[in-house]
Amino acid sequence: LNRMGFGPDPHELAEVLVHGERAWIDGQMTESPGHRVARGRARTELGAAIPYGAAQLTLQIALSTDQPLRERFALFLDNHFNTWGGKTGMPSEWGDHLRYQDAGLAPFGELLRTAISSPVMLVYLDQQKSFRGRLNENLARELLELHTVGVNGGYGQDDVTALAGLLCGLTVGEEAPPDGAAQYLSRVFRFAPDLADSSAQRVF
């Protein structure tokens, strides 16, 4: 519980002692009603702070969730697929954390897809400025260097450029929320074929 959660509380400790570690871990895999309640309560109680208080919201969830492993893993993903609120804006940062909470303990390929289709990640790495004939390689380089194979993963500059060509067309739009109630436009992921490069690319 120290390693996979936020420290043992009496209820969690009893659950592990009675049912075993494996059963406790298995219970973290699928989102529970209690975790959904914790997320909803945090948003309700701190709703006005959402644009500025993603850290407070995540702390509130951590204190009240019955699925600490799931929330801790979402925090791990937030760190691994890291962005900076000073550039992207805190409303977007909170939205990204919700995306990682929704992804849960998914296979890595799905988690990578979640990150690469994140409007926050695309804005942070200037992907919306990348288009056919004028590539921006930030996303491709981060994907290789930080998100997957690592700085010594065997890729070269040609691989970065080719991957940037493959990612060309991934971009960001801004939409008003359907209910019109929010104060902010929502950034949304979209693929723009007119920006894409359809030529064949070879990576690795």
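The structure this text deals with has already been given above.
In what follows, the accompanying structure is described.

Procedures and definitions
Residues numbered from 1 in each chain as written. Predicted model: local features only at pLDDT ≥ 70, side-chain atom pairs only at ≥ 80, totals over all residues. Heavy atoms only, no water. Phe/Tyr/Trp six-rings, centres within 6.5 Å; stacked < 30°, edge-to-face > 60°. Helix = DSSP H or I, 4+ residues; strand = E, 2+ residues; numbered from the N terminus. Buried < 20%, exposed > 50% of the residue type's maximum accessible area, 1.4 Å probe, protein only. Patch = residues over 30% accessible without salt bridge, like charges linked within 9 Å, V, L, I, M, F, W, Y side chains within 5 Å. Areas by Shrake-Rupley, 256 points an atom, 1.4 Å probe, with all protein chains shown as cover. Salt bridge = Lys/Arg side-chain N within 4 Å of Asp/Glu carboxyl O.

## A word on the packing of aromatic side chains
Here comes step 1: In the structure shown here, the tally under the stated rule is 3 aromatic pairs.
Here comes step 2: Relative to Phe-76, the ring of Phe-73 lies with its centre 5.7 Å away and its plane at 25°, an arrangement referred to as stacked. Placement of both Phe-73 and Phe-76 in helix α5 (residues 68-80) is noted, with a separation of 3 residues, approximately one turn of the helix.
Here comes step 3: Phe-73 sits in the partly exposed class, given a relative accessible area of 21%.
Here comes step 4: What makes Phe-76 partly exposed here is its relative accessible area of 45%.
Here comes step 5: Ring centres of Phe-81 and Tyr-100 lie 6.0 Å apart, and the angle between their planes is 20°; this geometry places the pair in the stacked category.

## A look at a nonpolar patch on the surface
Here comes step 1: A contiguous nonpolar patch, built from Leu-13, Leu-17 and Val-18 and spanning about 330 Å² of accessible area, is present on the exposed surface.
Here comes step 2: One can find Val-18 in helix α1 (residues 10-19).
Here comes step 3: Residue Val-18 is classed as exposed on the basis of its relative accessible area of 63%.

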